[in-house]
Amino acid sequence: MLTALAARRVPVLAACALAFAALIAAAALAPLPYTLAQPGVTADVLGEHEGEPVIAVEGADGAGAVAGGELLMTTIAATPPDATVRLTDVVSGWFAGDRAVMPTDVVYPVGDSPEEIREYNEDAMTQSQTAAEAAAFDTLGSAGDDVDVTLRLDEIGGPSAGLLFALGIIQKAGGEDLTGGRTIAGTGTIEADGTVGPVGGVPLKTQAAARDGASVFLVPRAECAQARAELPDGLRLVPVRTLDGALDALEGLREGGGVPRC
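In short, a report on the structure. Everything numeric in this text was worked out from a predicted model, so none of it was measured.

**What to know about the state of the cysteines**
- All told, the structure shown has one disulfide when counted by the stated rule.
- Cys-224 shares a disulfide with Cys-262; S-S distance 2.0 Å. Its S-S torsion of approximately -65 degrees makes the covalent link between Cys-224 and Cys-262 left-handed. One end of the pair, Cys-224, is in helix H7 (residues 224–229); the other, Cys-262, is in the segment after helix H8 (243–255), and 38 residues separate them in sequence.
- For Cys-224, a relative accessible area of 6% corresponds to the buried category.

Okay, here's the thing in structure tokens:
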């Protein structure tokens, strides 16, 4: 009797195994609502990008060439919102040190088409540049009415370069080197009043910064924990909450004074 029962179980187990294998195969082929991201490009806001000055300032009292280091804005490179991401992509991304797997609705607005998302990012970049200019000239004690500022990073969208744009405008309009000869990278949104906000993707941005030679990374204070989690060797984190705080930290670096740490 036991032998007969065991014999009947064999086809059942085989059928279950086949069904399970089919389920795994279907899951592996099905598109998933995830986005894969990796360290993106950096751009020195004090220099040129693709043959054009990232920031050009005309009409400011201190405007002119200033010798110094670099101020690198950082980015992440993400799969497009309409890209097909499968289970194998997600699993490999989880185990890769230079990639991240994130829900698509965290990276892109829900329900928007790729074209609408592109327009959204372009608008966010434009607003970021406007806020950076206002915050920079407020810090310089000038309304900036007679100053012409041009910012060129057309192919990069989003608001996360706001802090670096503001610092770049201050150096180019004020005529003082903020870097102390260092390559300093960072990220963070900027408000017209100088408030610095979080941006996301910080661990990947620190990797991009270290890859491109930065020794210091300005990070929104709210994202210190994420930045520390996978911090590249040799990269110093400096937390900031405001544009004035970032300037104070850069002065401390230049003069060997106290500099906050994450």
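**Some words on helix H6 (residues 202–211)**
- With eight of 10 residues buried, H6 is to be regarded as a mostly interior element.
- Gly-213 occupies a position one or two residues after H6 and carries a positive phi of about 95 degrees.

**Considerations on the pairing of strand S1 (residues 34–44)**
- For S1, the buried fraction is high: eight of the 11 residues fall into the buried class.
- Of the pairings in the sheet, the one linking S1 to strand S6 (residues 100–103) comprises four bridges and is antiparallel in character. When the bridges of S6 are listed, Thr-35 appears paired with Met-102.
- Two elements, S1 and strand S5 (residues 70–78), share six bridges in a ladder whose sense is antiparallel.

**Observations regarding the packing of helix H5 (residues 162–174) against H8**
- The interhelical angle for the contact between H5 and H8, taken along N-to-C directions, is 60 degrees, at an axis separation of 11 Å. Here H5 and H8 pass one another in a crossing that is right-handed. Residue-level contacts link Leu-163, Ala-166, Leu-167 and Ile-170 of H5 to Leu-243, Ala-246, Leu-247 and Leu-250 of H8.
- When its residues are assigned to classes, the contact of H5 with H8 shows eight nonpolar, no polar and no charged.

**As for the nonpolar core**
- Grouped together as the largest cluster of nonpolar side chains are 44 residues, with contacts concentrated most on Val-45, Ile-55, Leu-163, Phe-165, Leu-167 and Leu-243.
- A total of eight residues in this core trace back to one element, the largest contributor, which is H5.
- When neighbours within four sequence positions are excluded, Leu-167 is seen to be in contact with Leu-71, Leu-178, Leu-218, Leu-243, Ala-246, Leu-247 and Leu-250.
- In terms of nonpolar packing, the next biggest core, distinct from the first, is built from 11 residues, Ala-185, Val-202, Ala-209 and Ala-227 among them.

Cut-offs applied
Residues numbered from 1 in each chain as written. Predicted model: local features only at pLDDT ≥ 70, side-chain atom pairs only at ≥ 80, totals over all residues. Heavy atoms only, no water. Disulfide = S-S within 2.5 Å. Helix = DSSP H or I, 4+ residues; strand = E, 2+ residues; numbered from the N terminus. Buried < 20%, exposed > 50% of the residue type's maximum accessible area, 1.4 Å probe, protein only. Pairing = 2+ DSSP bridges. Axes fitted to C-alpha atoms, helices over the stretch in contact; angles between N-to-C directions. Left-handed = near helix turned anticlockwise from the far one by under 90°. Contact = heavy atoms within 4.5 Å. Nonpolar A, V, L, I, M, F, W, Y, C, P; charged D, E, K, R; others polar. Core = buried A, V, L, I, M, F, W, Y, C linked by side-chain atoms within 4.5 Å.

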